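# Tertiary structure, described
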Amino acid sequence: AVVDLLVVAPPTRLVVDASTFVPGWTYLTDATVGLGALTISLGLIGWLYRAMLIGSRALLGAGLALVYLLSVGVVDWFQREAYGGSDLATSQRLAQAGLSILWGVLGCTFFAAGVIRTWGHTRIFGLALLGLTTVKVFLIDLVGLAIEGRVAVLLALGVLLLLSSFVYTRLQHPQGPKPSHA
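So, a few notes on the structure that sits alongside this text. None of the values given here were measured: they were computed from a predicted structure.

Let us now look at helix H4 (residues 88-116). With 29 residues, H4 ought to run about 42 Å at 1.5 Å a step, and its terminal C-alpha atoms sit 42 Å apart, in line with that. Once H4 ends, the next one or two residues include threonine 118, with phi positive near 55°.

This part covers the environment of phenylalanine 138. In this fold, phenylalanine 138 is placed in helix H5 (residues 120-141). Sequence separation between phenylalanine 138 and leucine 154 is 16 residues; the distance between their C-alpha atoms is 8.9 Å. In contact with phenylalanine 138, not counting residues within four places along its chain, are Leu154 and Leu157.

All right, on to the side chain of glutamine 79 then. Counting through the fold element by element, glutamine 79 comes out in helix H3 (residues 53-83). Of the residues examined, glutamine 79 reaches a relative accessible area of 3% and is grouped as buried. A distance of 2.7 Å separates a polar side-chain atom of glutamine 79 from the backbone oxygen of aspartate 17.

Within the structure shown, the criterion is met by one aromatic pair. An angle of 85° between the planes, with centres 4.9 Å apart, marks the rings of phenylalanine 110 and phenylalanine 125 as edge-to-face. Taken together, the positions of phenylalanine 110 in helix H4 and phenylalanine 125 in helix H5 put the pair 15 residues apart, joining distant regions of the chain. An identical accessibility class is assigned to phenylalanine 110 and phenylalanine 125; each is buried. The ring of tryptophan 103 has lysine 136 sitting right over it, with the charged end atom 5.9 Å from the ring centre.

As a further point, take H5. If you check H5, its first and last C-alpha atoms are 30 Å apart, about what 22 residues at 1.5 Å a residue would give, namely 32 Å. Along H5, the residues that are buried comprise Phe125, Gly126, Leu129, Leu130, Thr133, Thr134, Lys136, Val137 and Asp141.

With that settled, the discussion passes to a nonpolar patch on the surface. Taken together, the side chains of Ile45, Trp47, Leu48, Tyr49, Met52 and Ile54 make up a nonpolar region of the molecular surface, amounting to roughly 670 Å² of accessible area. At three residues, helix H2 (residues 30-48) tops the list of elements feeding residues into the nonpolar patch. With respect to the helices, strands and loops of the structure, tryptophan 47 is situated in helix H2. Residue tryptophan 47 is classed as exposed on the basis of its relative accessible area of 54%.

Moving on, we come to the environment of leucine 48. Tracing the chain through its elements places leucine 48 in helix H2. For leucine 48, a relative accessible area of 64% puts it in the exposed group.

Before going further, it helps to spend a moment on the pattern of salt bridges. Taken as a whole and judged by the stated rule, the model has two salt bridges. Its salt-bridge partner being aspartate 76, residue arginine 13 comes within 2.6 Å of it at the nearest N-O pair. Here arginine 13 is found in the loop between helix H1 (2-8) and H2, whereas its partner aspartate 76 is found in helix H3, with 63 residues between them in sequence. Assigned by exposure class, arginine 13 and aspartate 76 land together as buried.

With that settled, the discussion passes to the environment of leucine 64. The residue leucine 64 is located in helix H3 in this model. On the accessibility criterion, leucine 64 (48% relative accessible area) is partly exposed. In this structure, the C-alpha to C-alpha distance between leucine 64 and leucine 129, residues 65 residues apart in sequence, is 9.7 Å.

Rules and cut-offs
Residues numbered from 1 in each chain as written. Predicted model: local features only at pLDDT ≥ 70, side-chain atom pairs only at ≥ 80, totals over all residues. Heavy atoms only, no water. Helix = DSSP H or I, 4+ residues; strand = E, 2+ residues; numbered from the N terminus. Expected span 1.5 Å × (residues − 1). Contact = heavy atoms within 4.5 Å. Buried < 20%, exposed > 50% of the residue type's maximum accessible area, 1.4 Å probe, protein only. Polar contact = N/O pair within 3.5 Å; in protein donor to acceptor, adjacent residues only side chain to side chain. Phe/Tyr/Trp six-rings, centres within 6.5 Å; stacked < 30°, edge-to-face > 60°. Lys NZ or Arg CZ within 6 Å of the ring centre and 35° of its normal. Patch = residues over 30% accessible without salt bridge, like charges linked within 9 Å, V, L, I, M, F, W, Y side chains within 5 Å. Areas by Shrake-Rupley, 256 points an atom, 1.4 Å probe, with all protein chains shown as cover. Salt bridge = Lys/Arg side-chain N within 4 Å of Asp/Glu carboxyl O.

As structure tokens, this is what we get:
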């Protein structure tokens, strides 16, 4: 079933091209529905077997499938624009920027949830996603941007990373009440 899913949603679905037609609504295509079913199935397996090793691996798979599902949906949105006659290069840059924003927000969300609920694997997953986002921004997104765009992207990434650091520091080491001097 996963092999069939990779035929429907290959990694090339994360890049806008000139020839791909996206049938159906953006988040109700064959790829996103299949990835949604996989995400839900792995999430249920992970929840039911959460005390076992297979449960944590299933939850990791559900997280990866969720990120991939949302990523395919974002790129499909811009793929419709490119197929509809918009400038291909602009659609490609916007799709990659949209992926970076999505991954950054999801990374912060997973990280914050892991810190708040003390779920170590979720926190590490969020940090890994933030790291992947940082690498992607530097290697892919900054290449085609003007200087103003580069500054905006780096500022936004810096704010996300600082916010994550702040959340971790505040929730991991809460300050107790200060002693009063009598």
